[in-house]
Amino acid sequence: MENKFLQLVFTSNLQLVKVVEKEILSFLTRETNISADELLEFKLIVNELLINAIVHGNKGDSSKSVKVKVGIVDKKLSYIVVEDEGEGFDIGRVFNEYTPYDEKDEIEDLYEFGRGLMIVASLCEKLKQNQKGNKIVAVRRLKKEEDCYV
């Protein structure tokens, strides 16, 4: 079993998200035969998780940091772990309270929290968090190169 990982720690600064994201995507490109479409999906996952950690977890406090670990297991499975220094949240509550837009809804009444996590969940096989709620793990299978071209 071959495992590779990249671990980064950065301060809660939204301007650093693109730098960290680029580092992660370069790692994935180097270590896997990832397609452009799949790389775009990873970019979305990473972006949502990092922004959530900075904005919602650390409340934009630049004295706090965000830890990120991205791993590849046997070139078949990937995981992304994002941990902030915030108080945590209940992912189950977010999923239960989030309701997508329905034509009968008033636009101003839409619940504006949780969309990013719903997107991440739809792109991953598994999404879980630690008990405190300040660390989230997203697991995603890597497509075989031949699966990428239909």
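Look above for the structure.
Residues numbered from 1 in each chain as written. Predicted model: local features only at pLDDT ≥ 70, side-chain atom pairs only at ≥ 80, totals over all residues. Heavy atoms only, no water.

So, on to the nonpolar core. Leu 49, Leu 50 and Val 82 are the most contacted members of the largest nonpolar core, which totals 32 residues. Of all the secondary structure elements, the ones that give two or more residues to this core are β1 (3-11), α1 (17-31), α2 (36-57), β2 (65-73), β3 (77-83), α3 (91-97), α4 (115-123) and β5 (135-141). Broken down by element, the residue count for this core peaks at 7 residues, all from α2. (Core = buried A, V, L, I, M, F, W, Y, C linked by side-chain atoms within 4.5 Å. Buried < 20%, exposed > 50% of the residue type's maximum accessible area, 1.4 Å probe, protein only. Helix = DSSP H or I, 4+ residues; strand = E, 2+ residues; numbered from the N terminus.)

So, about the environment of Glu 38. As for its placement among the helices and strands, Glu 38 is situated in helix α2. Distance from Glu 38 to Leu 123, taken between C-alpha atoms, is 9.8 Å for residues 85 residues apart in sequence.

Moving on, we get to the packing of aromatic side chains. Counted by the stated rule, this structure contains 0 aromatic pairs. Directly above the aromatic system of Phe 5 lies the positively charged group of Lys 69, at a separation of 4.3 Å from the ring centroid. The ring of Phe 42 has Arg 140 lying over it, and the distance from NZ or CZ to the ring centre is 5.1 Å. (Phe/Tyr/Trp six-rings, centres within 6.5 Å; stacked < 30°, edge-to-face > 60°. Lys NZ or Arg CZ within 6 Å of the ring centre and 35° of its normal.)

Applying the stated rule across the entire model yields 7 salt bridges. A salt bridge links Lys 135 to Glu 83; the shortest N-O distance between them is 4.0 Å. Separated by 52 residues along the polypeptide, Lys 135 in strand β5 and Glu 83 in strand β3 bring together distant segments of the chain. Residue Glu 83 is classed as partly exposed on the basis of its relative accessible area of 23%. (Salt bridge = Lys/Arg side-chain N within 4 Å of Asp/Glu carboxyl O.)

So, on to a nonpolar patch on the surface. A surface patch of nonpolar side chains, about 210 Å² in accessible area, is lined by Leu 14, Ile 51 and Val 55. Counting through the fold element by element, Leu 14 comes out in the loop between β1 and α1. (Patch = residues over 30% accessible without salt bridge, like charges linked within 9 Å, V, L, I, M, F, W, Y side chains within 5 Å. Areas by Shrake-Rupley, 256 points an atom, 1.4 Å probe, with all protein chains shown as cover.)

A separate point is the packing of α1 against α2. Each pair of packed helices can be described by the angle between their axes along with the distance between the axes. Their axes nearest at 10 Å, the elements α1 and α2 cross at an angle of 145 degrees. For the element pair α1 and α2, the recorded crossing hand is right-handed. In this structure, α1 uses Val 17, Lys 18, Val 20, Glu 21, Ile 24, Leu 25, Leu 28 and Thr 29 to contact α2, whose residues at the interface are Leu 39, Phe 42, Lys 43, Val 46, Asn 47, Leu 50, Ile 51 and Ile 54. Here the residues of the contact of α1 with α2 sort into 11 nonpolar, 2 polar and 3 charged. (Axes fitted to C-alpha atoms, helices over the stretch in contact; angles between N-to-C directions. Left-handed = near helix turned anticlockwise from the far one by under 90°. Contact = heavy atoms within 4.5 Å. Nonpolar A, V, L, I, M, F, W, Y, C, P; charged D, E, K, R; others polar.)

When you line up the elements, Ser 78 lands in strand β3. Given the relative accessible area of 1%, Ser 78 is considered buried. Not counting residues up to four positions away in its chain, the partners in contact with Ser 78 are Phe 42, Gly 71, Ile 72, Ala 138, Val 139, Arg 140 and Leu 142.

Another aspect to go through is the side chain of Arg 140. Here Arg 140 is to be found in strand β5. In terms of polar contacts, Arg 140 uses its side chain to reach the side chain of Glu 41, at 2.4 Å. A distance of 2.7 Å separates the side chain of Arg 140 from the backbone oxygen of Leu 123, its partner in a polar contact. Residues within four places of Arg 140 in sequence aside, it is in contact with Glu 38, Glu 41, Phe 42, Ile 45, Leu 77, Ser 78, Leu 123, Cys 124 and Glu 125. (Polar contact = N/O pair within 3.5 Å; in protein donor to acceptor, adjacent residues only side chain to side chain.)

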